[in-house]
Amino acid sequence: MRFVVTGAAGFIGSHLTDALLAQDHDVVAIDCFTDYYDPALKEDNAAAFDVARLDLAADELALDGFDGVFHLAGQPGVRSFGAVFDDYVRRNLVATQRVFESAARSGVRVVFASSSSVYGDAERYPTPEDARASPVSPYGITKLGCEQLASAYAKSFRLEAVVLRYFTVYGPRQRPDMALARVVDALARGASFELYGDGLQSRSFTYVADVVAATIAGMERAPVGALYNVGGGVEATMRDAIATLERVSGRTLDVVEKPTAAGDVRRTAADTGRIERELGWRAQTALADGLQAQWEWASVRVAAP
Ligand SMILES: NC(=O)c1ccc[n+]([C@@H]2O[C@H](COP(=O)([O-])OP(=O)(O)OC[C@H]3O[C@@H](n4cnc5c(N)ncnc54)[C@H](O)[C@@H]3O)[C@@H](O)[C@H]2O)c1
């Protein structure tokens, strides 16, 4: 089949593109290499395929003849208050609206990468999809806006959209701003790690290969208009994850405690009953195994000249 992957040089998009190519699909990979983090890392992520450099917030996206678009391009990160808000509006809302326009015009299915951040401090845990969305970061607000654009385009222009709410994704190539990537980097370099809050904040950490499998399943067999949580099976605190990484690496982390950062939620916990029932997907990777893979990947990079 012929697919477009947006955000293909990013952390998750590059794994998705690698997986689709390994399954012998035709893939047009798109990314504009934003400088949110070092674009050289994105060049490495996308080493195995060509990337078309399009800015989806400005350039035309022609989708005739494709079987689907995986729309992962966006501005991630919950530290989204202040002057950076413009980037969130442009790279999430504006870019996504334009992708939905093109997809609706060409009758092409879109799988959209949304986020557990739309729940904010959720009304219940584990959180099912029908819990009230109440984001506490501008990032989460723009992602919720994108979800609502998907519904509006579905209603008025028959857009065929599937929305996936990813819960904290980790593994090799994880974005360097994310907490586990910073822990791994600090362990590998013998540097200190700044922990925001008391470390008892918890997440449904989700291994990237599991996220890729859910994303492809969403394209292949989700009903039109479906909305799913994509979350790892087990909730862990930051302290648990740090302890696991210390065990895996055989090193001790030098932790510097900092106050909780604005936009961070205390807890995420995915109820994944719906995606299990409807798509037969469930996270397969234990946290210790996923962190082992991330550690091995990162420690080789740090050791490289
Ligand atoms: N990593 C997570 O834990 C997580 C959790 C929930 C949701 N998500 C969402 O999943 C998607 C992928 O996340 P990631 O962690 O791989 O982030 P990432 O930053 O590594 O990848 C996103 C990519 O999109 C590209 N991009 C941004 N704006 C663009 C534009 N206007 N045109 C073309 N390309 C553009 C960036 O250059 C980047 O390479 C994002 O939409 C993110 O919000 C990620």
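Nothing here was measured: the structure is a model prediction, and the numbers come from that model.

A. Highlighting unusual backbone geometry. Looking along the chain, the bond that leaves Tyr125 and enters Pro126 is cis, with omega of -15°. Among the secondary structure elements, Pro126 is positioned in the loop between strand E5 (109-115) and helix H4 (138-157). Of note in this structure, Asp24 is not a glycine but carries a positive phi near 70°. Structurally, Asp24 can be placed in the loop between helix H1 (11-22) and strand E2 (26-30). Here Arg173, not a glycine, exhibits a phi torsion of approximately 75°, which is positive. With respect to the helices and strands, Arg173 occurs in the loop between strand E7 (169-170) and helix H5 (179-189).

B. Inspection of helix H6 (residues 208-221) at higher detail. Compared with an ideal rise of 1.5 Å per residue, which puts 14 residues at 20 Å, H6 spans 20 Å between its outermost C-alpha atoms and is within 8% of the ideal. Among the 14 residues in H6, 10 count as buried, and that is most of the element. Listing the buried residues of H6 in full gives Val208, Asp210, Val211, Val212, Ala214, Thr215, Ile216, Ala217, Gly218 and Met219.

C. Structural context of the nonpolar core. Counting 79 residues, the largest nonpolar core has Val5, Val69, Val110, Phe112, Ala150 and Leu164 as the members making the most contacts within it. For Val69, the residues in contact, after removing those within four places along its chain, are Val4, Thr6, Leu63, Val99, Ala103, Val108 and Val110. Counting residues in hydrophobic clusters, the runner-up holds 6 residues, among them Val118, Tyr119, Ala122 and Ile141.

D. View of the packing of H1 against H6. Between H1 and H6, the least distance of the axes is 9 Å, while the angle of their chain directions is 65°. Where H1 crosses over H6, the handedness of that crossing is right-handed. Residues Ile12, His15, Leu16 and Ala19 of H1 lie in contact with H6, whose contacting residues are Val208, Ala209, Val211, Val212, Thr215 and Ile216. Considering only residue class, the contact of H1 with H6 consists of 8 nonpolar, 2 polar and no charged.

E. Region of the structure containing helix H9 (residues 287-303). Between its terminal C-alpha atoms H9 stretches 24 Å, which fits the 24 Å expected from 17 residues at 1.5 Å a residue. Restricting attention to buried positions, one finds in H9 the residues Leu287, Gly290, Leu291, Gln294, Trp295 and Ala298. End-on, the buried residues of H9 take up no more than an arc of 135°, which puts them together on one face. Those residues of H9 that are exposed and angled more than 90 degrees off the buried face are Asp289, Val300 and Ala303. Summarising the contacts, the buried residues of H9 are in contact with E7, H5, strand E10 (206-207), strand E12 (236-237) and helix H7 (238-249).

F. Molecular detail of the packing of helix H3 (residues 85-106) against H4. For the pair H3 and H4, the least separation of the axes is 10 Å and the interaxial angle reads 15°. Relative to H4, H3 is oriented roughly parallel. Of the two possible hands of crossing, H3 and H4 adopt the one that is right-handed. Contact residues: H3 offers Phe85, Tyr88, Val89, Asn92, Leu93, Thr96, Gln97, Phe100 and Ala104, while H4 offers Pro138, Tyr139, Thr142, Lys143, Gly145, Cys146, Leu149, Ala150, Tyr153 and Phe157. Broken down by class, the residue content of the contact of H3 with H4 amounts to 13 nonpolar, 5 polar and 1 charged.

G. Main features of the site of the ligand. Close to the ligand lie 31 residues; Gly7, Gly10, Phe11, Gly74 and Tyr166 are nearest. Sort the elements by how many residues they give to the shell around the ligand and H1 lands first, with 3 residues. Of the residues belonging to the shell around the ligand, the class tally is 17 nonpolar, 9 polar and 5 charged.

H. Inspection of the pairing of strand E4 (residues 68-71) at higher detail. Burial along E4 is two-sided: the face carrying Gly68 and Phe70 and the face carrying Val69 and His71 are both buried. Between E4 and its parallel partner E5, the chain crosses via H3, and the hand of that crossover is right-handed.

I. Geometry of the environment of Gly171. Within the secondary structure, Gly171 is located in the loop between E7 and H5. Note: C-alpha distance between Gly171 and Thr206 (35 residues apart in sequence) is 8.5 Å. Once residues within four sequence positions are removed from consideration, Gly171 is found in contact with Tyr207, Val208, Ala209, Gly290, Ala293 and Gln294.

J. Highlighting the sheet that holds strand E3 (residues 51-52). Taken in spatial order, the 7 strands make up an open sheet running E3-E2-E1-E4-E5-E6-E11, and their pairing is parallel. Whereas interior strands pair on both sides, the edge strands pair on one side only; in this sheet they are E3 and strand E11 (227-230). Across 5 bridges, the pairing between strand E1 (residues 2-6) and E2 is parallel. In the strand pairing of E2, Phe3 is matched with Val27. Together, E5 and strand E6 (161-166) form the strand contacts of H4, whose direction differs from that of E5 by roughly 155°.

Conventions and cut-offs
Residues numbered from 1 in each chain as written. Predicted model: local features only at pLDDT ≥ 70, side-chain atom pairs only at ≥ 80, totals over all residues. Helix = DSSP H or I, 4+ residues; strand = E, 2+ residues; numbered from the N terminus. Expected span 1.5 Å × (residues − 1). Buried ≥ 20, exposed ≤ 12 C-beta atoms within 10 Å, placed from the backbone. Core = buried A, V, L, I, M, F, W, Y, C linked by C-beta atoms within 7 Å. Contact = placed C-beta atoms within 7 Å. Axes fitted to C-alpha atoms, helices over the stretch in contact; angles between N-to-C directions. Left-handed = near helix turned anticlockwise from the far one by under 90°. Nonpolar A, V, L, I, M, F, W, Y, C, P; charged D, E, K, R; others polar. Arc of directions from axis to C-beta. Parallel < 35°, antiparallel > 145°, perpendicular 65-115°, else oblique. Near = placed C-beta within 6 Å. Right-handed = clockwise from strand over helix to strand, strands pointing away. Pairing = 2+ DSSP bridges.

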